[in-house]
Amino acid sequence: MTSLDRDGEVWILDLGDGDNRFDPTTVDEVGAALDQVAASEAPAALVTTASGKIWSNGLDLDHLSAAGEGWVDYVQSVQALFARLLRLPVPTVAAIQGHAFAAGAMCALAHDVRVMRADRGYICLPEVDLGMPFSDGMVALISGSLAPAALHRMAVLGERIPGPEAVALGVADAAVPLDQVRDEAVGRATALAGKAGPTLATLRRTFHGRAIDLLDPPG
Amino acid sequence: MTSLDRDGEVWILDLGDGDNRFDPTTVDEVGAALDQVAASEAPAALVTTASGKIWSNGLDLDHLSAAGEGWVDYVQSVQALFARLLRLPVPTVAAIQGHAFAAGAMCALAHDVRVMRADRGYICLPEVDLGMPFSDGMVALISGSLAPAALHRMAVLGERIPGPEAVALGVADAAVPLDQVRDEAVGRATALAGKAGPTLATLRRTFHGRAIDLLDPPG
Amino acid sequence: MTSLDRDGEVWILDLGDGDNRFDPTTVDEVGAALDQVAASEAPAALVTTASGKIWSNGLDLDHLSAAGEGWVDYVQSVQALFARLLRLPVPTVAAIQGHAFAAGAMCALAHDVRVMRADRGYICLPEVDLGMPFSDGMVALISGSLAPAALHRMAVLGERIPGPEAVALGVADAAVPLDQVRDEAVGRATALAGKAGPTLATLRRTFHGRAIDLLDPPG
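The structure presented is a predicted model; accordingly, all values stated were derived computationally and were not measured.

1. Some details on the sheet that holds strand S8 (residues 122–124) of chain C
All names here are of chain C.
Move 1: Pairing is mixed across the open sheet formed by four strands, whose spatial order is S4-S6-S8-S9. Each edge of the sheet is formed by a strand with only one pairing partner; in this case those strands are strand S4 (54–56) and strand S9 (161–162).
Move 2: Looking at chain direction, S4 and strand S6 (residues 99–101) are connected through two bridges and run parallel. Within S6, the residue paired with Ser 56 across the bridge is Ala 100.

2. As for the pairing of strand S2 (residues 10–14) of chain A
All names here are of chain A.
Move 1: S2 sits mainly inside the fold: five of its five residues count as buried.
Move 2: What you see with S2 is no split at all: Val 10, Ile 12 and Asp 14 on one side and Trp 11 and Leu 13 on the other are buried throughout.
Move 3: The pairing of strand S1 (residues 3–7) with S2 spans five bridges and is classified as antiparallel. If you follow Ser 3 over to S2, its bridge partner there is Asp 14.
Move 4: Following S1, the chain reverses through two residues before pairing antiparallel with S2; Gly 8 in that reversal takes a positive phi of roughly 65 degrees.
Move 5: In terms of strand pairing, S2 meets strand S3 (residues 45–49) through five bridges, oriented parallel. Paired with Ile 12 across the strands is Val 47, a residue of S3.
Move 6: Taken together, S2, helix H1 (residues 24–38) and S3 constitute a β-α-β crossover, and its handedness is right-handed.

3. Re the interface of chain B and chain C
Move 1: In this complex, chain B contributes 18 residues to the contact, which on the side of chain C involves 19 residues.
Move 2: In total, about 1400 Å² of surface goes out of reach between chain B and chain C, with carbon and sulfur atoms giving 72% of it.
Move 3: When residues of chain B are sorted by the area they lose upon contact with chain C, Lys 195, Leu 203 and Phe 207 of chain B head the list and together hold 42% of the total.
Move 4: Linking chain B with chain C are one salt bridge.
Move 5: Its salt-bridge partner being Asp 129 of chain C, residue Lys 195 of chain B comes within 2.9 Å of it at the nearest N-O pair.
Move 6: The tally of links from chain B across to chain C stands at four residue pairs in polar contact (both at pLDDT 80 or more).
Move 7: Here the side of chain B that touches chain C takes seven residues from helix H10 (residues 198–215) of chain B, the largest share from any one element.

4. Concerning the packing of aromatic side chains
Move 1: If you walk through the whole model with that rule in mind, you get six aromatic pairs over all chains.
Move 2: With centroids separated by 6.3 Å and ring planes inclined at 75 degrees, the aromatic side chains of Phe 22 of chain A and Phe 82 of chain A adopt a geometry described as edge-to-face. Within this pair, whereas Phe 22 of chain A is found in the loop between S2 and H1, its partner Phe 82 of chain A is found in helix H3 (residues 71–87), the two being separated by 60 residues in sequence. One exposure class covers both Phe 22 of chain A and Phe 82 of chain A, and it is buried.
Move 3: Considering the side-chain rings of Phe 207 of chain A and Phe 134 of chain B, the 5.8 Å spacing of their centres and the 70 degrees angle between planes classify their relative orientation as edge-to-face. Within this pair, whereas Phe 207 of chain A is found in helix H10 (residues 198–215), its partner Phe 134 of chain B is found in the loop between helix H5 (127–130) and helix H6 (136–145), the two belonging to separate chains.
Move 4: Judged by its relative accessible area of 15%, Phe 207 of chain A falls in the buried class.
Move 5: A relative accessible area of 8% places Phe 134 of chain B in the buried class.

5. A closer look at the relation of the copies chain B and chain C
Move 1: Aligned on chain C, chain B shows an RMSD of 0.0 Å; the corresponding rotation is 120 degrees and the shift along the axis is 0.0 Å. When the rotation and shift are considered jointly, the pair of chain copies conforms to a three-fold rotation axis. Residue Ala 147 of chain B, judged by its C-alpha, is the member of chain B lying nearest the rotation axis, at 3.3 Å.

6. Digging into the pattern of salt bridges
Residues and elements named next belong to chain C.
Move 1: A complete count under the given rule lists 33 salt bridges over all chains for this structure.
Move 2: Residue Asp 35 is joined to Arg 84 by a salt bridge in which the shortest nitrogen-to-oxygen separation is 2.2 Å. With Asp 35 in helix H1 (residues 24–39) and Arg 84 in helix H3 (residues 71–87), this pair connects stretches of sequence that are 49 residues apart.
Move 3: For Asp 35, a relative accessible area of 46% puts it in the partly exposed group.
Move 4: The partly exposed category is assigned to Arg 84, whose relative accessible area is 25%.
Move 5: Residue Arg 117 is joined to Asp 119 by a salt bridge in which the shortest nitrogen-to-oxygen separation is 2.6 Å.
Move 6: A relative accessible area of 15% places Arg 117 in the buried class.
Move 7: According to the relative accessible area criterion, Asp 119 is exposed, its value standing at 53%.

7. Examining helix H9 (residues 181–192) of chain A
Residue and element names in this part refer to chain A.
Move 1: Across its 12 residues, H9 extends 17 Å between first and last C-alpha, which sits within 8% of the 16 Å expected from 1.5 Å per residue.
Move 2: All of the buried residues in H9 are Val 181, Ala 185, Val 186, Ala 189 and Leu 192. Seen from one end, H9 has its buried residues packed into an arc of 125 degrees, which puts them on one side. Set apart from the buried face of H9 by more than 90 degrees, the exposed residues are Asp 183 and Ala 191.
Move 3: Next to the buried residues of H9 lie S1, S2, S3, strand S5 (92–96), strand S7 (113–117) and strand S10 (174–176).

8. Examining the sheet that holds strand S9 (residues 161–162) of chain B
Move 1: Strand order in the open sheet made by the four strands is S4-S6-S8-S9 (chain B), with mixed pairing throughout. The outermost strands of the open sheet, each flanked by one partner alone, are strand S4 (54–56) and S9 of chain B.

9. Looking at the nonpolar core
Move 1: Ranked by size, the top nonpolar core spans 80 residues in total, and within it Val 47 of chain B together with Leu 46, Trp 55, Phe 82, Ile 123, Phe 134 and Ile 142 of chain C carry the most contacts.
Move 2: Broken down by element, this core gets its largest block of residues, eight residues, from H3 of chain C.
Move 3: If near-sequence neighbours (up to four positions away) are discounted, Ile 123 of chain C is found in contact with Ala 100, Ala 105, Ala 108, Met 116, Met 154, Glu 159, Arg 160, Ile 161, Ala 166 and Val 171 of chain C.

10. Side note on the relation of the copies chain B and chain A
Move 1: Take chain B, turn it by 120 degrees, move it 0.0 Å along the axis, and it overlays chain A with an RMSD of 0.0 Å.
Move 2: When the interface residues of chain B are mapped onto chain A, a mere 11% of them again fall at the interface, so the copies present different faces.

Parameters at a glance
Residues numbered from 1 in each chain as written. Chains lettered and ligands numbered in written order. Predicted model: local features only at pLDDT ≥ 70, side-chain atom pairs only at ≥ 80, totals over all residues. Heavy atoms only, no water. Pairing = 2+ DSSP bridges. Helix = DSSP H or I, 4+ residues; strand = E, 2+ residues; numbered from the N terminus. Buried < 20%, exposed > 50% of the residue type's maximum accessible area, 1.4 Å probe, protein only. Right-handed = clockwise from strand over helix to strand, strands pointing away. Contact = heavy atoms within 4.5 Å. Buried area = accessible area lost by both parts, 1.4 Å probe. Salt bridge = Lys/Arg side-chain N within 4 Å of Asp/Glu carboxyl O. Polar contact = N/O pair within 3.5 Å; in protein donor to acceptor, adjacent residues only side chain to side chain. Phe/Tyr/Trp six-rings, centres within 6.5 Å; stacked < 30°, edge-to-face > 60°. Least-squares fit on C-alpha atoms with pLDDT ≥ 70 in both. Expected span 1.5 Å × (residues − 1). Arc of directions from axis to C-beta. Core = buried A, V, L, I, M, F, W, Y, C linked by side-chain atoms within 4.5 Å.

Structural data, given as structure tokens:
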């Protein structure tokens, strides 16, 4: 169960207190939240967070295996959320208070800024261990977000990266104690709120346009 | 008013002591200076510096808005300077003693090495705040110079990056006290002067050829 | 004279105790070793090391200049080794106990992990000093392995990078005292051995497919 609240100029999207996978209900709720954020007047910014040990564990694998041929549409619906984050005319900050795995990590990479917990919690793309490939859109998102060394360690070797190392690798922007993750993220979002507007969306398209189009093909 | 002097094997191009925007006179002067440097015999290297608080603030916005339809040619003339820097068969070092903003920052990125002032001075691409897009050539130059994390913070979010952080992000190669910026740059240029020659230009084309062609289309 | 030994799940390929250039005999021996490693059952991993002051100095320049028109096939045979490393369904760790220059450095970049000696030894692409260009396959390998700042310093300026700086630049993963280089590499290889399998090869192709195809064109 997700929620969307407002704290001054900053929208707070809470992904929940479980393992916060992108099941179909969550996809709908997050989509509706992004609609509301996109329609808000500038200045504005978005912080995406959660409670508990997990930020998001990614795809709902139970739903995926039960979906039959519908799995393509399901994966597509999750990818479309990443594209919508990249199209949002509002700065976005992921307040990653716990683990961000697989599509959860990719969702974090689709934000402008990532604040991680310093003492625990990993960002990880475990596809090599799961025997899963990446879609073309995921490849474009990952390639556009991670420098070669970070990309190889995360996306090829599936290494679990803790917060401080994520900062050193350019995967995250800050790693702070758990009780400061949300404040740090809200502070950064507040500082960025004045940048909301169509130019922000244009610049994201300039540098991540291929990812946007592959994650959510037009037409 | 720019000047070009020689200190042993190292050419010193001084962009001035004002805000050192690339007005049409400056474009002509810098172009003539690069011609002279390109024609010099190896070993040789170029240091581009300035005095005062600003290295370069970029395009001359007054000229830009007064140029009418001539704005395209004007922007093109500035971009062509960046391409000429990338084609120069001589190592290039930017001695950034102050702010490098917008096209000033891009000019710095077109050098082989960047030395910044450690205590003050920002390198910044404020296009998101100005509501300005980047041209295709600028996008290629920026994308070829900055790793994803630095690119997002600078070119999408328009963050002002001080010297030490620029070094940490791979945006600059050194950050030193103001009174050492020029010496540090000249020292690095002297060490690189022996690399002048056609292979240097070939290797820049190998890795930055798309930027060169888009910044200064052939034909 | 190379050798291939096995230490538990980890294969140890030793490139020799000379300057370990890729002369035709070495190319054949390394190729046969990679065949054997590729055919081994998971879990498995490969450590490539050497003894003496040099890990590998790259192409055999004597053979290159004596080869006449055969130089193309010779260079191609070395490049094909890099492609085979990238196709190997087994994690690969370069234990770089000394210098890795030119094609030696490229061979190191074709491994998943690089452990360097901390106090001595450089990784270096001296092509600018040799007046040599890179082939398209080499360009793709280098561009896919190095972030822009590291790429410019190594591949354009030909800078010699010692171990600790290589780690800071994302060129290497660890720099340790000489007597720990092999143990560190074997430890990392052992930890990665469980990732051997077709998905690893698929993921390398996903992110380095262009390099693989240009280094060893199909057909």
